[in-house]
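The lines below spell out each chain.
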Amino acid sequence: MTITRSQLVAHRGYMEHYPENCWSGLQAALDLGAHWIEFDIQMNVQDHFILLHDADFQRTAGQSVSVFGLHEKQMASISVHEPARLGAQYAPEPIITLEQLLLRLEQYPDARAMVEIKEESLDHWGLIEVMKPLLTLLETNKKQCVLISFSLDALSYAKKNSNIDLGWVLRRYNDKSLQEARKLSPEFLICNHTKLPQHAPPTKGPWQWMLYDITDPLEVKQWGEKGIDLIETRDIGLLISHPDFNQ
């Protein structure tokens with residue numbers, strides 16, 4: 001099976017050359033022709049979500065500010081341009097809310113988004129307190145979105161309360177995880193490629209497989225030959241322009 005550009009997923013946007021989980025990097029990936037993007041969300045205040053991987057802004061903004069309790073006025077003063085990694089190249093880079101992202105995604109009707117709800121928010125606020133408003137927010141755009149998480153409980157709640165597509169991110173690839181996956185029956189199973197057997201295809205089921213984080217074109221080809229459906233990469237520009245995948 002040959003991987004095509006429609007099977008490449010921009011991990012946190014075009015994060016090899018842009019700040020992660022920001023509009024500049026996500027837009028760059030979409031403008032390159034990415035059919036899929038992936039990003040992380042945290043609930044910063046009740047019923048309000050922002051794009052962020054960590055529970056604070058130390059890594060992305062150089063500020064040891066917790067995401068929880070962060071209000072709009074404080075958000076305006078934080079630039080998530082990843083100064084330690086990228087210097088001032090993208091400063092200022094504003095925090096983007098999930099609402100803003102979903103509106104902008106509508107301008108790319110052929111694209112879909114993997115939306116990862118982080119466990120820090122689930123632990124801090126409570127599962128129902130996070131999942132109920134999140135599902136309400138995603139309802140209008142659910143055809144363009146896949147809700148993903150490491151949390152099996154969060155996805156089980158979503159399964160009972162919505163028909164949005166789901167993706168479970170596996171911590172381990174083993175019989176127990178596969179048994180739980182069959183009970184959940186998500187549309188996607190997601191795993192770090194280093195956790196899978198290197199010489200055999202992963203177990204088939206009522207799901208598609210997505211592997212992360214792969215930037216080597218040869219590895220992409222090899223996993224495609226094993227039947228992998230989606231490849232998540234931090235360097236969407238490299239792979240989407242590669243002659244082997246630009247169909």
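Attention in this report is confined to the structure presented alongside it. (Residues numbered from 1 in each chain as written. Predicted model: local features only at pLDDT ≥ 70, side-chain atom pairs only at ≥ 80, totals over all residues. Heavy atoms only, no water.)

Now for the overall build of the protein chain. Looking only at helices and strands, the protein chain has 11 helices and 11 strands in total. Taking 18 Å as the expected radius of gyration for a compact globule of 247 residues, we find that the protein chain reaches 17 Å, a close match to that expectation. With respect to the principal axes defined by its C-alpha atoms, the protein chain has extents near 50 × 40 × 30 Å. Counting the 247 residues in the protein chain, one finds 54% classified as buried. Nonlocal contacts in the protein chain, meaning residues at least 24 apart in sequence, comprise 56% of its contacts between residues at least 6 apart. Across the protein chain, the 23 positively charged side chains and the 33 negatively charged ones have centroids separated by 5 Å. (Helix = DSSP H or I, 4+ residues; strand = E, 2+ residues; numbered from the N terminus. Rg over C-alpha atoms; globule rule 2.2 N^0.38 Å. Buried < 20%, exposed > 50% of the residue type's maximum accessible area, 1.4 Å probe, protein only. Contact = heavy atoms within 4.5 Å. Lys, Arg positive; Asp, Glu negative; His and termini not counted. Charge placed at Lys NZ, Arg CZ, Asp CG, Glu CD.)

With that out of the way, let us pick up the pattern of salt bridges. Going through the model one piece at a time under the given rule, you end up with 12 salt bridges. Here Arg-59 and Glu-20 are joined by a salt bridge, their closest N and O atoms 2.8 Å apart. Of this pair, Arg-59 sits in helix α2 (residues 58–61) while Glu-20 sits in the loop between β1 (8–11) and α1 (23–31), and the two are 39 residues apart along the sequence. On the basis of relative accessible area, Arg-59 is assigned to the partly exposed category, the value being 35%. The salt bridge involving Asp-165 is made with Arg-112; its shortest N-O contact spans 3.0 Å. Taken together, the residues Asp-165 in strand β8 (residues 165–169) and Arg-112 in strand β6 (residues 112–117) connect sequence positions 53 residues apart. The network of salt bridges with shared partners includes Arg-12, Glu-20, Asp-40, Asp-54, Arg-59, Glu-116 and Lys-118. (Salt bridge = Lys/Arg side-chain N within 4 Å of Asp/Glu carboxyl O.)

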